[in-house]
Amino acid sequence: MIILSFAVQLFGATMMLLFAVRMVSTGIERAYGASFRRLVTTKASAMRLALTGVMLAIILQSSAAVTLLVAGFSGTSAIGFFAGMAIVLGGDLGSALLIRVLTLDIQWIVPVLLGVGGFLFLKTQGPALKQAGRIAMGIALILIALRFLRETMDPIRESAFLPAIAGYLVQDYLTAFITGVALAFVMHSSVAVILICVTLVAIGALPQSVGVSLVLGANLGSALIPVWLTRGMPARSRRIPLANLIIRGTVSVIVLLAINQLPTPSFIAAMDNAHALVTLHILFNLILLLSLPFVGRLEVLVTRIYPDNATPANNVPLHHHSVLDINATASPKQSLAMLQREVLRMATLVSEMIAPAFGLLRSFDAAQVAIIRADEAALNNALDHIRQYSADFDYDSLTKSENKKMRNLVDYAISLEAAGDIVVKRLIELAGEKDREKLQFSNAGFDELRALHERVARNVNLATNVLLSADIESARLLLEEKAEIAQLERSSRKKHLRRLSGGDADSLASSDIHLETAYSLKEFHSWIVKIAHPILMREGQLLETRLIQKIGGDENAG
């Protein structure tokens, strides 16, 4: 009975830890995700890029998340191989430093985080404050889960069960290593696995030698996660995760053999078991970071493994091809799924159009404009296909809910096409005018527009997630962002007018472009958030109108 109770409590503690790590990561991505692109793609020295990786891993609570972020930008050539590897290896070290912080004895802060986090999430209105509350509560839950884990291990530590497993793993460090790899891959979180290992070693449930093998395995497992998750991405996106796996795999095996075959260094032996384990983990990732000058040689190898895909003869990118088969006969569910994929393709095209739009205001690039215009042509063709597909569809074969979903998808396709028109017919034209007239924004004005663009670009990704998941919480957040974007646009307008009254020459010269850019971004965003309306209406969380239904009351009666 004690084994069953132990298994249930261990499962609960582990799931709570995974949930808490995910909770913190989600909160940070929603609150500050728009700034990550600028951080990752900014040209800088190797040291600064590595520090960026350290910071991102601590913020996102995951080195795998950093690798996936870099892989995505690498696929669009927004970041080179060496710069990407610098951020990824820095992220590995940041993840190790995060574990050092989380293993400190700071249980006193748990009620503070719960109180502050709960108040911000439940009682405040701004999305940024709500996500700050989510982050605080997530950190508190991580600490609670670790304490729960320690308490779970106390009864089983004295039984014959855990010592028997620990005794076997002491004799077979390779099995312990493979176990660490499997746990990190299955749980999709090396942070959670290593925190569990450190906790078990700290209370004496596992020997230090077994903990070391498990931690080294978890390091390799965390490198496997991005390789697996990027398997469907372009070749460029897959190279950095593979190179990271090669480096981490090679070094982890070497360190595993060295630790188990050579005498333990005296400074490690002098530490307590848990402290020694965390220190070794940090040193391991520091060694990986020191290999940065040599990673350039890996680029040739991974490029051979994942060569660039041959460009089609007609030079049309794959995502410009429709996924709708108008002549195909399919069941209603298959037809709806096909239509959703096509609308998702349109959302991807819109995301690719808005992402570089602000860069054109900084430095006009005719080649980039041509790419955006090609995306718009594909967007218009997609809407034409959807209109034809929906016009020829047999709506009598659909249920009432399927019929409504079909209409909502077509409506959102129209909204996406309208958003694309704003990019091409307004933002690009404004960027071209600014370039022709040799105008400059004031530093403050530029920062305001950049912040507005980053927020809008982030919400395009959120809208895509809502399209896929129909998640109510995400839909509410997306609609709340509409008010936030409107507030940012109003604030920028007021600040701009104050600069004009103060005689700022740059603001005066670029006034029309500044105001029209801010307004265009707000209008673009208003089209994007429309995906949230039918979801919230269906759940009764959105009123059909804000207008008062009855005016004058009884005064106008009779």
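Residues numbered from 1 in each chain as written. Predicted model: local features only at pLDDT ≥ 70, side-chain atom pairs only at ≥ 80, totals over all residues. Heavy atoms only, no water.

**Student:** Would you take a moment to explain the overall build of the protein for this structure?
**Tutor:** Check the secondary structure of the protein and you find 23 helices and zero strands. Expressed as a percentage of its 558 residues, the buried residues of the protein come to 48%. For the protein, long-range pairs separated by at least 24 residues make up 82% of all intrachain contacts whose partners lie at least 6 apart in sequence. Put simply, the protein shows about 27,100 Å² of open surface, and 60% of that area lies on carbon and sulfur atoms. (Helix = DSSP H or I, 4+ residues; strand = E, 2+ residues; numbered from the N terminus. Buried < 20%, exposed > 50% of the residue type's maximum accessible area, 1.4 Å probe, protein only. Contact = heavy atoms within 4.5 Å. Areas by Shrake-Rupley, 256 points an atom, 1.4 Å probe, with all protein chains shown as cover.)

**Student:** Would you mind showing me how to read the environment of Ile59 here?
**Tutor:** Mapping Ile59 onto the fold places it in helix H2 (residues 46-60). It is 8.4 Å that separates the C-alpha atoms of Ile59 and Val24, two residues lying 35 residues apart in sequence.

**Student:** How should I be thinking about the packing of helix H15 (residues 332-354) against helix H17 (residues 366-391) in this particular structure?
**Tutor:** Running from amino to carboxyl end, H15 crosses H17 at an angle of 160°, the nearest separation of the two axes being 9 Å. Between H15 and H17, the angle is such that the two are roughly antiparallel. Seen from above, H15 lies across H17 with left-handed handedness. Where H15 abuts H17, its residues Ser335, Met338, Leu339, Glu342, Val343, Arg345, Met346, Leu349, Val350, Glu352 and Met353 lie against Ile372, Asp375, Glu376, Ala378, Leu379, Ala382, Leu383, His385, Ile386 and Tyr389. In terms of residue class, the contact of H15 with H17 is made up of 14 nonpolar, two polar and five charged. (Axes fitted to C-alpha atoms, helices over the stretch in contact; angles between N-to-C directions. Parallel < 35°, antiparallel > 145°, perpendicular 65-115°, else oblique. Left-handed = near helix turned anticlockwise from the far one by under 90°. Nonpolar A, V, L, I, M, F, W, Y, C, P; charged D, E, K, R; others polar.)

**Student:** Just checking my understanding: could you explain helix H20 (residues 472-501) for this structure?
**Tutor:** Every α-helical turn comprises 3.6 residues, leaving residues that sit three or four positions apart pointing alike. The terminal C-alpha atoms of H20, which comprises 30 residues, lie 44 Å apart, in line with the 44 Å expected from a rise of 1.5 Å per residue. Ser474, Ala475, Leu477, Leu478, Leu479, Glu481, Ile485, Ala486, Glu489, Ser492, His496 and Arg499 are the residues of H20 that are buried. Downstream of H20 by one or two residues, Gly503 has phi in the positive range, about 85°. (Expected span 1.5 Å × (residues − 1).)

**Student:** Would you mind showing me how to read a positive patch on the surface here?
**Tutor:** A cluster of basic residues, Arg490, Lys494, Lys495 and Arg498, forms a positive patch at the surface. Tracing the backbone through its elements, the reader meets Lys495 in helix H20. (Patch = residues over 30% accessible without salt bridge, like charges linked within 9 Å, V, L, I, M, F, W, Y side chains within 5 Å. Salt bridge = Lys/Arg side-chain N within 4 Å of Asp/Glu carboxyl O. Lys, Arg positive; Asp, Glu negative; His and termini not counted. Charge placed at Lys NZ, Arg CZ, Asp CG, Glu CD.)

**Student:** Sorry, what's going on with a nonpolar patch on the surface here?
**Tutor:** Taken together, the side chains of Leu283, Leu286 and Leu290 make up a nonpolar region of the molecular surface, amounting to roughly 260 Å² of accessible area. Tracing the sequence through the fold places Leu290 in helix H13 (residues 273-290). Taking the relative accessible area as the measure of exposure, Leu290 reaches 60% and is therefore exposed.

**Student:** I'm lost on the nonpolar core in this one. Help?
**Tutor:** If you look at soluble globular proteins, the nonpolar side chains tend to sit buried side by side. By size, the foremost hydrophobic cluster in this structure holds 89 residues, and its most contacted members are Leu17, Met85, Ile142 and Leu195. For this core, the element with the most residues is helix H4 (residues 81-102), which contributes 12 residues. Once residues within four sequence positions are removed from consideration, Leu17 is found in contact with Ile142, Ala145, Leu146, Ala192, Leu195 and Ile196. With 65 residues, the next largest nonpolar core counts Ala357, Leu379, Leu477 and Ile528 among its residues. (Core = buried A, V, L, I, M, F, W, Y, C linked by side-chain atoms within 4.5 Å.)

**Student:** For this particular structure, what's the right way to read a negative patch on the surface?
**Tutor:** Residues Glu433, Glu437, Asp512 and Glu516 make up a contiguous surface patch of negative charge. Along the chain, the position of Glu437 falls in the loop between helix H18 (400-436) and helix H19 (443-469).

**Student:** Which parts of the structure should I look at to understand the confidence of the model for the protein?
**Tutor:** Within the protein, residue pLDDT values average 80, and 84% of them lie at 70 or more. Of all the helices and strands in the protein, helix H12 (residues 266-269) carries the lowest mean pLDDT, 58, while helix H22 (residues 511-528) carries the highest, 92. Per-residue pLDDT stays below 50 along residues 310-314; that stretch engages in one contact with residues further than four places along the chain or on separate chains. Every residue in residues 553-558 is under pLDDT 50, and counting partners more than four places away or in other chains gives one contact. (pLDDT = per-residue confidence, 0-100.)

**Student:** Just checking my understanding: could you explain the environment of Glu480 for this structure?
**Tutor:** Here Glu480 shows up in helix H20. Glu480 sits 355 residues away from Gln125 along the chain, and the two C-alpha atoms are 8.9 Å apart. Apart from the residues lying within four places of it in its own chain, the contact partners of Glu480 are Pro127 and Lys130.

**Student:** How should I be thinking about the pattern of salt bridges in this particular structure?
**Tutor:** When charged atoms on two side chains of opposite charge get close, those side chains can pair. Evaluated as defined, the whole model comprises 13 salt bridges. Close ionic contact of Arg134 with Glu473 constitutes a salt bridge, the shortest N to O distance being 2.3 Å. Residue Arg134 is found in helix H6 (residues 127-157), and its partner Glu473 is found in helix H20; the two are separated by 339 residues along the sequence. The class for Arg134 is buried, based on a relative accessible area of 9%. Glu473 sits in the partly exposed class, given a relative accessible area of 38%. Across the salt bridge formed by Arg345 and Glu342, the nearest N and O atoms sit 2.7 Å from each other. Pair noted here: Arg345 and Glu342 are both in helix H15, with a separation of three residues, about one helical turn. Arg345 sits in the buried class, given a relative accessible area of 8%.

**Student:** Looking at this model, I keep getting lost on the packing of H20 against H22. Mind explaining?
**Tutor:** Contact pair H20 / H22: the axes reach a minimum separation of 9 Å and the direction vectors enclose 175°. With respect to their mutual orientation, H20 and H22 come out roughly antiparallel. Only Ser511, His514, Leu515, Ala518, Tyr519, Lys522, His525 and Ser526 of H22 make contact with H20, whose side of the interface consists of Leu478, Glu481, Lys482, Ile485, Ala486, Glu489, Ser492, Arg493, His496, Arg499 and Leu500.

**Student:** Please clarify how the packing of aromatic side chains should be interpreted in this entry.
**Tutor:** How two aromatic rings sit relative to each other is set out by the distance from centre to centre and by the angle between their planes. In this structure the tally under the stated criterion is two aromatic pairs. With a centroid separation of 6.2 Å and an interplanar angle of 75°, the aromatic rings of Phe185 and Trp228 are classed as edge-to-face. In this pair, Phe185 is assigned in helix H8 (residues 173-187) and Trp228 in helix H10 (residues 208-229), connecting sequence segments 43 residues apart. On the basis of relative accessibility, which here comes to 27%, the residue Phe185 falls in the partly exposed class. Looking at Trp228, the relative accessible area reads 43%, which means it is partly exposed. Summarising the aromatic geometry, the rings of Phe358 and Phe446 are spaced 5.1 Å apart at their centres and angled 45° between planes, so their arrangement reads as tilted. With a gap of 88 residues between them, Phe358 in helix H16 (residues 357-362) and Phe446 in helix H19 connect regions that are remote in the sequence. With a relative accessible area of 18%, Phe446 lands in the buried category. (Phe/Tyr/Trp six-rings, centres within 6.5 Å; stacked < 30°, edge-to-face > 60°.)

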